[in-house]
Structures are given as structure tokens and as C-alpha cells.
Amino acid sequence: MTEEEKELLIEIKKIDAILDIFQAGGDLYANVATQRQLNVILAKLKKAYPAVRYKQNIDSCKGCITNFLNEILPVRDRLIRHEKAEVTTEIFVGDDIK
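Here is what the cut-offs are and how they apply
Residues numbered from 1 in each chain as written. Predicted model: local features only at pLDDT ≥ 70, side-chain atom pairs only at ≥ 80, totals over all residues. Heavy atoms only, no water. pLDDT = per-residue confidence, 0-100. Helix = DSSP H or I, 4+ residues; strand = E, 2+ residues; numbered from the N terminus. Buried < 20%, exposed > 50% of the residue type's maximum accessible area, 1.4 Å probe, protein only. Arc of directions from axis to C-beta.

Caption draft 1: Up close: the confidence of the model for the protein. Across the protein, the average pLDDT comes to 86, with 88% of residues at or above 70. For the protein, helix α4 (residues 62-94) is the element with the lowest average pLDDT, namely 82, and helix α1 (residues 3-13) is the one with the highest, namely 95.

This is how it looks when you write it as C-alpha cells:
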């Protein structure tokens, strides 16, 4: 996992509650702070994956927010799996076998 991916995951985790509600099909309300966080995530996403082509900013358009959250969910899941795999690998590699 690259440093950029780790930074991206940190930012995504800041909206975990929103993503969980969204994934469960609950009502979603994105205030200005959430919109700003989505734009921070977008910037980190573009930094971690330069091939990402997404519009400049996430605005208050419900469709824009919904589309972006739909695209972030699989990224979050993949990064969390990689994070867990790294922790497991570090434990096994770091253990002293006597």
C-alpha cells in the first residue's frame, strides 16, 4: 500500500458513518463540511491514482454526491482489505520464531 493510498484511506475513514448509511440505503444529507471532505477525498484519490478522471469538484448536487459515494465504496473496501493484509503480514514477518 503506497503512502498516497494510506492518506486516502485516512480521509475516507472520516466519512465512514456517511458511507455506511449510504450503503445501507438510508437517507443522506451532505452538509458543507461533508462536501468539503468529499473534495479532499477526490484530491487524494487523484494523487493516489493519477489515471482517475473525475470532474473538478463535488458540489451540492445530490446526483454528484451519490455517484461519487458509489465510486468510493469499492475503493474503501479494497484499501481496508490491503490495510488488514499489511497488518497481518507485519505480524508474521515481525514475529520471532524460537
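Caption draft 2: Representation of helix α2 (residues 16-23) in the model. When α2 is considered as a whole, its buried residues turn out to be I18, L19 and F22. Relative to the axis of α2, the buried residues are bounded by an arc of 100° and lie together on one face. Remark: G25 follows α2 within two positions and exhibits a positive phi of approximately 85°.

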